[in-house]
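# A structural walkthrough
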Amino acid sequence: MKILITGGGSEEPIDNVRYISNFSSGRTAAFFADYFSKKGHTVTLLTSIKAIKPLTEINTITYRTFNDLKSALEKECKSLSYDGVIHAAAVSDYSVASIIVDGNEYPAGSIPKVSGGQELTIKMKKNPKLVDFIKSWAKDIKLVAFKLTSQADSEERKKAVKKVFDSTQSSLLCPDYVVSNDLSEITEEKHPCVIYSKEMKAERKTENLEELSRAMEELLEG
């Protein structure tokens, strides 16, 4: 198979030295990339500039901002050369629209470092969900999406997963599978996940990234 994997977290600039991001290290996506490459699949990894990179020799494309990621993901999907997409990137829900410094408004990232003595207000704008576009860019691929929750019970996790499936305008554009994981359960040794299909059936339950990678491989090949 030819697989596209996204990972890492986007950076949304405030001034020319500061940005808003998240805690994603890109470690999970790098693990997936190594696994699929070692299994003989052709892998492209689309990950953030500062993310952990794979140990194996893999075609890697880096991004910094939400718009960078959107452009690169659209280009790769429209190349029509992938069998599956594993969309594991921690995409920012919001970008910085503009900043207000001592009453003056500027476009995000357009001015030098704001000094500590100045009053700063940040105006945010909501980003679209990239997972909703992937199948419109590449209709014949299988798509695995991820939904990370934090300290959620099983019912809350299922509701969050169903929201991912229901977010697109057409069922033809929704992911084939959504991987549910919760931040409270993730450790260096364990990464429990449940993989749901569109019918909200729990297709696989895995305890670590090795098991998750194997399960995704089976589902993508099936």
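Since we're looking at a predicted model, the values are computed, not measured. (Residues numbered from 1 in each chain as written. Predicted model: local features only at pLDDT ≥ 70, side-chain atom pairs only at ≥ 80, totals over all residues. Heavy atoms only, no water.)

What follows deals with the overall build of the chain. Check the secondary structure of the chain and you find five helices and 13 strands. Its C-alpha atoms give the chain a radius of gyration of 18 Å, within 12% of the compact-globule value 17 Å for 222 residues. If you line up the chain on its principal axes, its C-alpha atoms span 55 × 40 × 40 Å. Going through the 222 residues of the chain one by one, you find that 45% of them count as buried. Sequence-distant contacts in the chain: of pairs separated by 6 or more residues, those separated by 24 or more amount to 62%. (Helix = DSSP H or I, 4+ residues; strand = E, 2+ residues; numbered from the N terminus. Rg over C-alpha atoms; globule rule 2.2 N^0.38 Å. Buried < 20%, exposed > 50% of the residue type's maximum accessible area, 1.4 Å probe, protein only. Contact = heavy atoms within 4.5 Å.)

If you walk across this open sheet you meet the eight strands as S5-S4-S1-S6-S10-S11-S12-S13, and the pairing is mixed. Of all the strands in the sheet, just strand S5 (59–63) and strand S13 (202–206) have a single pairing partner and so form its edges. Geometrically, the sheet is characterised by an average inter-axis angle of 15° between neighbouring strands, direction not taken into account. Packing of helix H1 (residues 27–38) onto the sheet brings it into contact with strand S1 (2–7), strand S4 (42–48), strand S6 (84–87) and strand S10 (142–149), and relative to S1 it is tilted by some 165°. (Pairing = 2+ DSSP bridges. Axes fitted to C-alpha atoms, helices over the stretch in contact; angles between N-to-C directions.)

Our next topic: helix H5 (residues 209–221). In a regular helix each residue adds 1.5 Å, so 13 residues correspond to 18 Å; H5 covers 18 Å between its end C-alpha atoms and thus fits that length. Residues of H5 that are buried include every one of Leu209, Leu212, Ser213, Ala215, Met216, Glu217, Leu219 and Leu220, and no others. In this structure Asn208 caps H5, since a side-chain oxygen of it lies 3.2 Å from the backbone nitrogen of Glu210. (Expected span 1.5 Å × (residues − 1). Polar contact = N/O pair within 3.5 Å; in protein donor to acceptor, adjacent residues only side chain to side chain.)

For His191, the position within the fold is in the loop between strand S11 (177–182) and strand S12 (193–197). Look at His191 and you get buried, because its relative accessible area is 6%. At a separation of 3.0 Å, a polar atom in the side chain of His191 contacts the side chain of Asn181. If we ignore the near neighbours within four places in the chain, the residues touching His191 are Thr28, Asn181, Ile186, Thr206, Glu207, Asn208 and Leu209.

What follows covers unusual backbone geometry. Here Asp102, not a glycine, exhibits a phi torsion of approximately 50°, which is positive. Assignment of secondary structure puts Asp102 in the loop between strand S7 (94–101) and strand S8 (104–107). Positive phi, normally seen in glycine, also occurs at Met200, with a value near 65°. Relative to the elements of secondary structure, Met200 occurs in the loop between S12 and S13.

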